[in-house]
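# Breakdown of the fold
Each chain, written out:
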Amino acid sequence: MDRRLFLKISAIAGGGVALGFVTEEQALAQRGGAMAPPPDVHNYITVAADGTVTITAKNPEVGQGVRNMLPMMIADELDVDWKSVKTVQADYDDSKFVGQSAGGSTATPNNWTPMRQVGAAGRLMFVTAAAQTWNVPAAELSTGSGKVYHKASGKSISYGELAPAVAKLPTPDLAQVKLKDPKDYKIIGVTKPGTEVPKIVTGQPIFAIDVKVPGMLCAVFEKCGVFGGKVASANLDEIKKLPGVKHAFIIDRPDVTEPVIPRDPGLESGVVIVADHYYQAAAARKKLKVTWNEGARASHSSAKYAAKAQEMSKSAPQRTIRKDGDPEGTLKSAAKVVKAQYSYPFIAHAPLEPQNCTAHFQGDKIEIWTNSQTPGGGRRMVSDLLGIPEKNVITHMVRGGGGFGRRLTNDYMVEAAYISKQVNAPVKLIWTREDDMRHDYYRPGGWQNLEAGLDASGKLVAWQNHFISYGEGETFVGSGAMGPTEFPQRFVPNYALHASVQPLAIRTGALRAPSSNAFAFVIQSFIDELAHAAGKDPVAFRLEILESVPAVAAAPAPGAGGRGGGFAPPGMNADRMKGVVKLAAEKSGWGKTKLPKGTGMGIGFHFSHQGYFAEVAQVSVSADNKIKLEKVWVAADVGSHIINPGAADNICQGGIIDGISEMMGQEITIENGKVVQGNFDKHTMLRISEAPPVIEVHYLKSTFNPTGLGEPALPPILPAVANAIFAASGKRLRDLPLKNLGFSWA
Amino acid sequence: MAYTLKVNGQSKTVDVPADTPLLWVLREALDLQGTKFGCGAAQCGACTVHLNGVAIRSCVTPVVSANGKAVTTIEGLSPDGTHPCQIAWQDVDVPQCGYCQAGQIMSAAALLAKKPKPTDKDIDEALNGNLCRCGTYVRIRAAVHKAAELAAAGKPAGSPSGARLGGRE
């Protein structure tokens, strides 16, 4: 059970985060590195003479709350008061830390045991030091609030006084350290407000974009709107004469010829302008005239993708990913067959802090300040590009204004590093919002052609999906895969997943709850259609499916598309999912609340990133398709403890808001190979007036180890809202975003 | 061109082109980086500051139009971080990433100056130009109400509710 899972970092892709989990050993083997040493308490904890406890948070903070959560686990086992704790952010340092990334909702499950062990080991070291100081057996000592007590003599000594002695002690074997009985937790499970909030509300410069280095210049980087496009010519002589401009030059990179664009292709072609200040570089950029060689990708468009998808939908699938039983035969003999096509668009991440990075190249080394979610991957890419050893890429981790998966890729880090080397000065690179929206790693769009059969009793007996995505041959684009264990596989005896792909001209990647953020909408909406076709209550129908797992189910093989703990082994535990479905129904008053005409409730559930979520939305729909989201109930099973409950509620509510933002207004389209949308006017985000007034979050505490919350709260809200709209209006919505179907917020 | 602004109560002269956005004058010329760049197009509100007491988007406000006027940024909202909004935002523990929150607070402070007891509708209207990518809207509403209560109760600077300000890092 202590087999730790780590987010798989793909060395081949050069820094992007690949799908799925691997063990720590596998991750290290992939990196070609030795097994990292076990955590050393001294890298995490220092206690000052006055008793101030400084605890290092090792993971990047992009708003998910690890800057609090990781130190909370340490502090509780260390047996200190939270008010005496000061948290600091670690730099990237693989000689001291493992798993310094933010992705896949992994911080909680990966660190639950090791961080508590670090704290407990630290406590043991203070006890050991006190035992030596007093020359008494350690077994006679107890701790509390940063002090060691000897009951027999009535003596006590503070951690601060013991700190010089503890500094000389080695970290004990963590596996032998006794952890607290959970009933004795004083910090875990108690809301602790964000430690950086005082700085946030007073405007202190704590974000990556605020980094300042003496002598720093500011850079902007104009790339071709068509991915891989190269500069034919640019008016650099004119640009160089503009106020403040210090450098202007072209970056010319080799063509990316692979049919599937790599997850993180690194440095691209374009024009760089470097000035004393950003406002000067930005002003000069407005005068920049570039002639591009756009290349063959300029012929791509969303309209052509859609036409090709419809053609593929009508044709035999290119391949079969999984087949159980006899889906075709069962569909022929089924009492009822339901068919539907669903679709969802490309969408952008758009974290509010635009991409930026500060780099200072100095001969054989470079110093980097980044808000990357995978600073280790970025460090490796910089090392490769500049031809300097990884250890000479000194990588500072700075708070990021949101991540959502965009900062899993390190293109902007590589750009800043390269530009700093070219101009031989410290440089801060800042992208505009348009740069960000038009050079993202988009959530891939797709189509799903579903067909399902019900027997005479209305039981689901066959499920078939022809999944239309992007890729080449058997390779899907990043985050564009569906794996062989996608729900409801193993919950229906006759199941087939077929796939067809077409080539794509833009980069794609992981967006918060990758794949799940689209698949849950499709699967849970279609299940709703089936419930209505079967004449059954949508909650009851779902519970019936969850109860259908054969008593002796062969463990499904892990598939290429297994994502962040998807349905692949250890796989979804049907009992835990039933638990949250029932809890969501109970809390929302499902089937018991008399709702006015035009108002309805919908439910959806989804398992991702090891988290079990069921959500109910109550929605009113006017005759002219104006939607009001009146209330949302979230039921979650993420294990035995909610480490920081206030922050957990906030993240869950944020996941709901994020999901309905995507659902209503977000769509990236391609014309002439270029992304059309450039800012929040066209790729909209939910505004406060559109946000539901109440989002209740309920946790079903189970006996399992705690898991993450950053992602799994999001996926079920899309089908919950779509199903509520159906309940309210009779309109079944199968294509996102809803604005294209004539819907808007009331 | 030289422009003189009264920034957070102090007279500041900057020598920049007339069309330089106020946002970058604040961030680069005056080293007030609490005001954030999010969209450059008055779409997200991360750059919200007060110009003569009115909440504006500094990313689309040329410095020339702020010449001779009073600019208040998040750094100058209160001398010691105890404006009711700053206290309420901590009490409610609003932020996730925190990047939009300076702008949210500046919009909320301008609202409270006009309407000391705002309704949810007032809050929605006044803060509708401020996007929160993390989706903290439920807490933002709660924090504005809380700030209104604190202001009505006349909580002085350094009140117990604001004690956290000087506390942990």
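Residues numbered from 1 in each chain as written. Chains lettered and ligands numbered in written order. Predicted model: local features only at pLDDT ≥ 70, side-chain atom pairs only at ≥ 80, totals over all residues. Heavy atoms only, no water.

A few words now on the overall build of chain A. Across its full length, chain A holds 18 helices and 30 strands. Computed over C-alpha atoms, the radius of gyration of chain A comes to 27 Å, within 12% of the 27 Å expected from 2.2 N^0.38 for 746 residues, which places it in the range of a compact globule. The long-range share in chain A, meaning contacts at least 24 apart out of those at least 6 apart in sequence, stands at 79%. When the accessible surface of chain A is split by element, carbon and sulfur atoms take 53% of a total near 26000 Å². Computing the positive centroid from 80 side-chain charges and the negative centroid from 71, chain A places the two 2 Å apart. (Helix = DSSP H or I, 4+ residues; strand = E, 2+ residues; numbered from the N terminus. Rg over C-alpha atoms; globule rule 2.2 N^0.38 Å. Contact = heavy atoms within 4.5 Å. Areas by Shrake-Rupley, 256 points an atom, 1.4 Å probe, with all protein chains shown as cover. Lys, Arg positive; Asp, Glu negative; His and termini not counted. Charge placed at Lys NZ, Arg CZ, Asp CG, Glu CD.)

What follows concerns helix H3 (residues 66-78) of chain A. Residue and element names in this part refer to chain A. Relative to the 18 Å expected for 13 residues at 1.5 Å per residue, H3 spans 18 Å between its end C-alpha atoms, a close match to the ideal helical length. Where burial is concerned, most of H3 is hidden: 13 out of the 13 residues are buried. Positioned one or two residues after H3, Asp79 has a phi angle of 70°, which is positive. (Expected span 1.5 Å × (residues − 1). Buried < 20%, exposed > 50% of the residue type's maximum accessible area, 1.4 Å probe, protein only.)

Interface size is commonly expressed as the accessible area that is lost once the parts come together. Taken together, the contact pairs 54 residues of chain B with 66 residues of chain A. A salt bridge links Asp31 of chain B to Lys212 of chain A, with the shortest nitrogen-to-oxygen separation between them at 3.1 Å. Taken together, chain B and chain A are joined by 27 residue pairs in polar contact (both at pLDDT 80 or more). Taken together, the elements giving at least two residues each to the side of chain B that touches chain A come down to helix H1 (22-29), helix H2 (84-91), helix H3 (101-114), helix H4 (120-127) and helix H5 (137-152) of chain B. If you tally residues by element for the side of chain B that touches chain A, the top one is H5 of chain B, at 5 residues. By residue class, the composition of the side of chain B that touches chain A is 25 nonpolar, 16 polar and 13 charged. (Salt bridge = Lys/Arg side-chain N within 4 Å of Asp/Glu carboxyl O. Polar contact = N/O pair within 3.5 Å; in protein donor to acceptor, adjacent residues only side chain to side chain. Nonpolar A, V, L, I, M, F, W, Y, C, P; charged D, E, K, R; others polar.)

Quick look at the domain arrangement of chain A now. Residues and elements named next belong to chain A. Once the domains are mapped, chain A shows domain 1 (41-187), domain 2 (208-296 + 355-430) and domain 3 (303-347 + 442-745). Each partner contributes residues to the interface: domain 1 has 15 residues there, and domain 2 has 16 residues. A combined buried area of about 1100 Å² lies between domain 1 and domain 2, and 55% of that area is made up of carbon and sulfur atoms. Summed over the shared surface of domain 1 and domain 2, the result is 1 salt bridge. (Domains from an automatic or database assignment. Buried area = accessible area lost by both parts, 1.4 Å probe.)

Right, let's get into the pattern of salt bridges. Scanning the entire structure with this criterion turns up 41 salt bridges over all chains. Of the charged contacts in the structure, one is a salt bridge between Arg406 of chain A and Asp440 of chain A, with a shortest N-O distance of 3.0 Å. A residue pair is termed long-range when its members are at least 10 positions apart, and Arg406 of chain A in the loop between strand S18 (393-397) and helix H12 (411-423) and Asp440 of chain A in the loop between helix H13 (433-438) and strand S20 (446-454) qualify at 34 residues. Each member of the pair, Arg406 of chain A as well as Asp440 of chain A, carries the same accessibility label: buried. The shortest N-O distance in the salt bridge between Asp124 of chain B and Arg141 of chain B comes to 3.0 Å.

Further remarks concern unusual backbone geometry. Residues and elements named next belong to chain A. Omega for the bond connecting Phe487 with Pro488 falls within 30 degrees of zero, at 5°, which places this linkage in the cis form. Turning to its location among the elements, Pro488 is positioned in the loop between strand S22 (475-476) and strand S23 (494-502). Residue Pro737 is reached from Leu736 by a cis peptide bond, and omega for that bond is 0°. Assignment of secondary structure puts Pro737 in the loop between helix H18 (717-729) and strand S30 (744-745). For Asp79, which is not a glycine, the phi torsion comes out positive at approximately 70°.

Once that is clear, we can look at the side chain of Gln618 of chain A. All names here are of chain A. Mapped onto the elements, Gln618 comes out in strand S25 (residues 611-621). Residue class for Gln618 comes out buried when judged on its relative accessible area of 12%. What Gln618 contacts, discounting residues up to four positions off in sequence, is Leu595, Thr599, Gly600, Met601, Lys628, Leu629, Glu630, Lys631 and Trp633.

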